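The lines below spell out each chain.
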Amino acid sequence: MNPVTPRLGEIWVYLSASPLLGLTLTLLAYQAAFWLHKRCNGHPAANPVLLSVLALVAILWATGTPYATYFEGAQFVHFLLGPATVALAIPLYAQLARLRRLALPLLLTLVAGSVTAAVSAVAVAAALGGSRVTQLSLAPKSVTTPIAMGIAERIGGLPSLTAVLVIMTGILGAIGARYVYRLLAIKDEAVRGFALGIASHGIGTARAFQESEQAGAFAALAMGLNGLATALLLPLLVSLMTG
Amino acid sequence: MLLALTLLLVYQLLGEVIAQFFALPVPGPVIGMGLLFATLAVRGAVSDELRGTANGLLQHLSLLFVPAGTGVMLHFGRLADEWLALVASLLISTVVTIAVSALLLRALMRALMARGGADAGRES
């Protein structure tokens, strides 16, 4: 037998226990996904999150690596969600003058959008025989991951399932929004960004920033406000619906 | 860059402390975002350093969702059992939410403009 093989096996055992591998894999997968995204001229269907996740799941599955082991490395990337959320205040501030003028329309739209997102998700799942836990995990799917997980826990959903549904919602919105806007002839950058931020949180916001700085800022605002609105409204809605 | 990153973490920490102290249902980073926004609004300016660091972080915002998204592998069983309800719910709800929000906001902005709200809603 080739003497190199057992050595490689030892190296694999060593590396698979270190966070370096999960972290490096995450960045490599994203680099490749982003390259592909650019090769497709930034087409929303070649979504970098979707492509990265597909690649990582395939690699982890093929090597029999548990998610928990992978996450020990990936958590360093995951952690940056916090400071990045805080940093959204800066593009938001750049739109301050416009925000002041539009405060009332934005607030009304926010409440309507927040309730629509939760009620429509639960209603469709219930109509198609989704279990109670699945329905409750779906309810906060339009708000950013950390808030959604907290809400799911409070209303009786599964936080880790919610995290996945949140990401899927983000990808769907990032891919689909342009078609909805084309159909409805929505042209204003602020409207395009705000609606996408309500429905598809941070992934929608990332997409909106690719369209324009203004759309991105309004998406960031919608994402932040919808996290707040849903955290306040959803526990109330659930207790109303369950009686 | 280091100073800006420290500032962002301090605001996140402040947000986290406030969320815990008042037992708020909103996560710390979102409160931190609100606090930083309020600070900038009061000060009336953003330093170039802070703007640069924020742009750097936000330019690849998508990357930060990849670790949580990969958690999909924990739920293959449930996804296989209830895929129709899940896919239909996500798809319909996302499209309906985008459409309702966009149509309502556009209508409200037009109403505001019609009421003579000067140049409300128009590009500044």
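Definitions and limits used
Residues numbered from 1 in each chain as written. Chains lettered and ligands numbered in written order. Predicted model: local features only at pLDDT ≥ 70, side-chain atom pairs only at ≥ 80, totals over all residues. Helix = DSSP H or I, 4+ residues; strand = E, 2+ residues; numbered from the N terminus. Buried ≥ 20, exposed ≤ 12 C-beta atoms within 10 Å, placed from the backbone. Contact = placed C-beta atoms within 7 Å. Nonpolar A, V, L, I, M, F, W, Y, C, P; charged D, E, K, R; others polar. Core = buried A, V, L, I, M, F, W, Y, C linked by C-beta atoms within 7 Å. Domains from an automatic or database assignment. pLDDT = per-residue confidence, 0-100. Axes fitted to C-alpha atoms, helices over the stretch in contact; angles between N-to-C directions. Parallel < 35°, antiparallel > 145°, perpendicular 65-115°, else oblique. Left-handed = near helix turned anticlockwise from the far one by under 90°.

Chemist: An account of the overall build of chain A is requested, with residue identities and associated values reported.
Modeler: Tallying secondary structure elements over chain A gives 13 helices and 0 strands in all. N-terminal to C-terminal, the α/β element order of chain A is α-α-α-α-α-α-α-α-α-α-α-α-α. Considered along the principal axes of its C-alpha atoms, chain A spans approximately 75 × 45 × 30 Å. Looking at chain A as a whole, 53% of its 243 residues qualify as buried. At a minimum sequence separation of 6, the contacts of chain A that also span at least 24 residues come to 62%.

Chemist: Before we move on, can you summarise the interface of chain B and chain A with the specific residues and values?
Modeler: Across the boundary between the two partners, chain B contributes 67 residues, which contact 95 residues of chain A. Of all the secondary-structure elements, those providing two or more residues to the side of chain B that touches chain A are α1 (2-21), α2 (28-43), α3 (48-59), α4 (66-70) and α6 (83-114) of chain B. If you tally residues by element for the side of chain B that touches chain A, the top one is α6 of chain B, at 25 residues. Split by residue class, the side of chain B that touches chain A holds 49 nonpolar, 14 polar and 4 charged.

Chemist: Kindly report on the nonpolar core, identifying the contributing residues and their values.
Modeler: Of all hydrophobic cores here, the largest spans 111 residues; its most connected members are A87, A89, I167 and F194 of chain A. The contact partners of A89 of chain A, leaving out residues within four places of it in the chain, are M33, L36, F37 and L40 of chain B.

Chemist: Residues and numbers for helix α10 (residues 145-155) of chain A, please.
Modeler: One turn of the α-helix equals 3.6 residues, which is why residues spaced by three or four share an orientation. Residues and elements named next belong to chain A. For α10, a buried count of 8 out of 11 residues is recorded, marking the element as mostly surrounded by other parts of the structure. If you check which residues of α10 are buried, you get T145, P146, I147, A148, M149, G150, I151 and A152. Looking one or two places after α10, you find G156, whose phi comes out positive at around 100°.

Chemist: Can you tell me about the environment of I151 of chain A, naming the residues and giving the values?
Modeler: By the secondary structure assignment, I151 of chain A is in helix α10. Spatially, the C-alpha atoms of I151 of chain A and K141 of chain A are 9.8 Å apart, while their sequence positions differ by 10 residues.

Chemist: Tell me what's going on with the domain arrangement of chain A, and back it up with residues and numbers.
Modeler: Residues and elements named next belong to chain A. When the domains of chain A are assigned, the result is domain 1 (4-79) and domain 2 (88-242). Once you take the C-alpha centre of each, domain 1 and domain 2 turn out to be 28 Å apart. Across the contact, 6 residues belong to domain 1 and 8 residues belong to domain 2.

Chemist: Which residues make up the domain arrangement of chain B, and what values go with them?
Modeler: Annotation of chain B at the domain level lists domain 1 (1-59) and domain 2 (71-124). Distance between the C-alpha centres of domain 1 of chain B and domain 2 of chain B: 26 Å.

Chemist: An account of the environment of A32 of chain A is requested, with residue identities and associated values reported.
Modeler: By the secondary structure assignment, A32 of chain A is in helix α2 (residues 19-39). On a C-alpha basis, the gap between A32 of chain A and A220 of chain A in space is 26 Å, while along the polypeptide they are 188 residues apart.

Chemist: Account for the confidence of the model for chain B, naming residues and giving values.
Modeler: Residues and elements named next belong to chain B. For chain B, per-residue confidence averages 88 on the pLDDT scale, and residues scoring 70 or more make up 92% of the total. At the low end of the mean pLDDT range in chain B sits helix α5 (residues 76-81), at 88; at the high end sits α6, at 95. Among the prediction metrics, the complex's ipTM stands at 0.85, with pTM recorded as 0.82.

Chemist: Please give an account of the packing of α2 of chain A against helix α3 (residues 48-63) of chain A that cites residues and values.
Modeler: All names here are of chain A. Orientation of α2 relative to α3, taken along the N-to-C sense of each, is 135°, at an axis distance of 8 Å. One element, α2, and the other, α3, form an angle in the oblique class. Handedness of the α2/α3 crossing: right-handed. Contacts between α2 and α3 pair L25, T26, A29, Y30, A32, A33, F34, L36 and H37 from the former with P48, L51, S52, A55, L56 and I59 from the latter. Across the contact of α2 with α3, the residue classes break down as 12 nonpolar, 3 polar and no charged.

Chemist: Account for unusual backbone geometry, naming residues and giving values.
Modeler: A negative phi holds for most residues other than glycine; trans holds for most peptide bonds. Residues and elements named next belong to chain A. Non-glycine residue A185 carries a positive phi angle of around 55°. Counting through the fold element by element, A185 comes out in the loop between α11 (159-184) and α12 (189-211). Exposure remark for A185: the 7 C-beta atoms within 10 Å place this residue in the exposed category. Positioned with a positive phi, H201 is a non-glycine residue whose angle comes to about 35°.

Chemist: Explain the confidence of the model for chain A to me, and be specific about the residues and the numbers.
Modeler: Averaged over all residues, the pLDDT of chain A is 89; the fraction at 70 or higher stands at 98%. Of all the helices and strands in chain A, helix α1 (residues 4-16) of chain A carries the lowest mean pLDDT, 79, while helix α8 (residues 103-127) of chain A carries the highest, 95.

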